[in-house]
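What follows is the residue order along each chain.
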Amino acid sequence: MTGRRALGRRFGWLWASFAVSSYGTGLGFGAFSLIAVLVLHSGPAQVAALAAVGRAVGAVVAVPLGPWVEFRRKRPVMVAMDVTRFLALMSVPAAFALGLLGFVQLLVVSVVVAAADIAFRAAGGAYLKALVPPGDLLVANSRFESTTWSATMIGPPLGGAATGLFGPVATLVADAVSYLLSALGLSAIGGSEQPPPARTGGSRLRARDLLEGWRHILTHPTLRPLFLNAIVVNGLIMASEPLLAVLLLGHLGFAPWQYGLVFAAPCVGGLVGSRVARRLAARFGQHKVMRTAGALRACWPLPLAFVQPGVPGMALVIAVQLGLVTCCGIFNPVLATYRLDHTDPERTARTLAAWSISSSLAIAALTAAWGLLAALTGTRSAIAAAGVLLLATPLLLPRRADAPRGSGEQERAAGRT
């Protein structure tokens, strides 16, 4: 049995910053919707608009941020995005304290946070690629993935308790402070950073710069099907979440603690999946792991359309979510590593930004479409339709591996962890 792989002090600060912001996001999960309902007394249409419009408009705003991030040093961009999110979120409790908080402000803040999220992820992926040796990228991404799932498992229940004790604005403050702490952690990394790539054709932003990320994805024989698969799968899964909330909390009478439990407990599968992902990739290869885990994650959601009330219903949801989350825990870090391996450093930020923007737009569009479908056909029918469509998504996965230079060395290195 081998020991834990050390990735150095600088990665340790990066991971710590990621962890503190992830737990802050977990604590603040659903805070915008709760503030809209409990403080502003907004209706269902406004709450849905807050979720969908904020994500979609934030993605559109982020389109020029990909090239902007590409041609700048990445760590200062990450710090700036953390500070931006801190200030945007803190404007909400400040306005609340002054009695000035309104729905429009919530919508604007959600747009700013969504755009900053995309820019941060683009800069973070490019910075990680430069910071960590190629053979350790899967190790690093697996650690980020396990942190995400542990924050998802622990944060929302604690956030729900804090909301009950202190109100929904308090959890938003905790989320904001986590971004400030993340910015301080990133500043403590120290060391030098490689100069950003030089922009050809002067300093003026060109259409080619805006579209370069999509061009790279859509012309790459393996990234293209992975991209299409990822945005469709994520969109259908996320589009079903509001409908599941209506079904479980409304139609089936689940208590809020039961609803939280059936989604928090299965996150242990994400921890397990992220822990074994690099070993599976070392043994079977990244391509086979992505195809297998990607196909298996599509098989789980359909039974959610048939969930019943009481303990049997809770058991079914937990089992389904456990299987889904475990497969995602394996698939996600391997995909993240594969995407970095197959993207040149001079276009990494634009590629990651294009991927995130497309995913956000797909989620927003499918969430709106499935809300309309549920209104026309019923909640269970809409959930079943998403489950049936998910069964077809493995057809989008690439059939052949397109190994990057040095991939064998990278997989052998992953196997030593």
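Heads up: the structure comes first, above all this text.
Residues numbered from 1 in each chain as written. Predicted model: local features only at pLDDT ≥ 70, side-chain atom pairs only at ≥ 80, totals over all residues. Heavy atoms only, no water.

Draft legend 1. Inspection of the pattern of salt bridges at higher detail. Under the counting rule described, the total for this entry stands at six salt bridges. Where D82 meets R85, a salt bridge forms, and the shortest distance between an N and an O atom there is 2.7 Å. Of the two residues, D82 and R85 both sit in helix α5 (residues 74–97), three residues apart, roughly one turn of that helix. In this structure, D82 and R85 share a single accessibility class: buried. R215 is paired through a salt bridge with E212; the nearest N and O atoms lie 3.0 Å apart. With R215 and E212 both in helix α9 (residues 207–219) and three residues apart, the pair spans about one turn of that helix. (Salt bridge = Lys/Arg side-chain N within 4 Å of Asp/Glu carboxyl O. Helix = DSSP H or I, 4+ residues; strand = E, 2+ residues; numbered from the N terminus. Buried < 20%, exposed > 50% of the residue type's maximum accessible area, 1.4 Å probe, protein only.)

Draft legend 2. Spotlight on the environment of S150. Mapped onto the elements, S150 comes out in helix α7 (residues 137–166). Distance in space between the C-alpha atoms of S150 and A6 is 20 Å, their sequence separation being 144 residues. Setting aside chain neighbours within four positions, we find S150 in contact with Y23 and L271. There is a polar contact of 2.9 Å between the side chain of S150 and the backbone oxygen of T147. (Contact = heavy atoms within 4.5 Å. Polar contact = N/O pair within 3.5 Å; in protein donor to acceptor, adjacent residues only side chain to side chain.)

Draft legend 3. Quick look at the side chain of S360. Structurally, the position occupied by S360 is in helix α15 (residues 348–377). Ignoring any residue separated from it by four or fewer positions in sequence, one finds S360 in contact with R55, A59 and I118.

Draft legend 4. Just helix α10 (residues 223–251), in detail. Given a rise of 1.5 Å per residue, 29 residues ought to cover 42 Å, and the 41 Å separating the end C-alpha atoms of α10 matches this to within 8%. Of all the bends found along α10, the most pronounced is centred on P242 and spans about 30 degrees. Positive phi appears at G253, one or two residues downstream of α10, with a value of about 70 degrees. (Expected span 1.5 Å × (residues − 1). Bend = angle between axes of the 7 residues up to and from the residue.)

Draft legend 5. The arrangement of the packing of α10 against helix α16 (residues 379–392) in detail. With their axes 9 Å apart at the nearest point, α10 and α16 run at an angle of 155 degrees to one another. Between α10 and α16, the interaxial angle falls into the category roughly antiparallel. Seen from above, α10 lies across α16 with left-handed handedness. Residues V233, L236, I237, S240, L243, L244, V246, L247 and H251 of α10 lie in contact with α16, whose contacting residues are T379, R380, A382, I383, A386, L389 and L390. Class assignment of the residues belonging to the contact of α10 with α16 gives a composition of 12 nonpolar, three polar and one charged. (Axes fitted to C-alpha atoms, helices over the stretch in contact; angles between N-to-C directions. Parallel < 35°, antiparallel > 145°, perpendicular 65-115°, else oblique. Left-handed = near helix turned anticlockwise from the far one by under 90°. Nonpolar A, V, L, I, M, F, W, Y, C, P; charged D, E, K, R; others polar.)

Draft legend 6. View of the packing of helix α1 (residues 9–27) against helix α8 (residues 168–187). Across the interface, α1 lies against α8 with an axial gap of 8 Å and an inter-helix angle of 175 degrees. Overall, the two elements α1 and α8 adopt an arrangement that is roughly antiparallel. Residue-level contacts link W13, L14, S17, V20, S21, G24, T25 and L27 of α1 to T171, A174, D175, S178, Y179, L181, S182, G185 and L186 of α8. A breakdown of the residues in the contact of α1 with α8 according to their chemical character gives eight nonpolar, eight polar and one charged.

Draft legend 7. Up close: the environment of A114. Inspection of the secondary structure assignment puts A114 in helix α6 (residues 103–131). Residue classification places A114 among the buried positions, given a relative accessible area of 17%. Residues A114 and S360, spaced 246 residues apart in sequence, show a C-alpha to C-alpha distance of 8.8 Å. If near-sequence neighbours (up to four positions away) are discounted, A114 is found in contact with G54, R55 and G58.

Draft legend 8. Fine view of the packing of aromatic side chains. Enumeration over the complete set of coordinates arrives at four aromatic pairs. An angle of 50 degrees between the planes, with centres 4.7 Å apart, marks the rings of F18 and F144 as tilted. Taken together, the residues F18 in helix α1 and F144 in helix α7 connect sequence positions 126 residues apart. The partly exposed category is assigned to F18, whose relative accessible area is 24%. Among the aromatic side chains, those forming a connected cluster through ring pairs are F11, W15, F18 and F144. One cation-aromatic arrangement involves R85 over F120; the distance from NZ or CZ to the ring centre is 4.6 Å. In this structure, R297 is placed above the aromatic ring of F331, and the distance from its NZ or CZ to the ring centre is 4.0 Å. (Phe/Tyr/Trp six-rings, centres within 6.5 Å; stacked < 30°, edge-to-face > 60°. Lys NZ or Arg CZ within 6 Å of the ring centre and 35° of its normal.)

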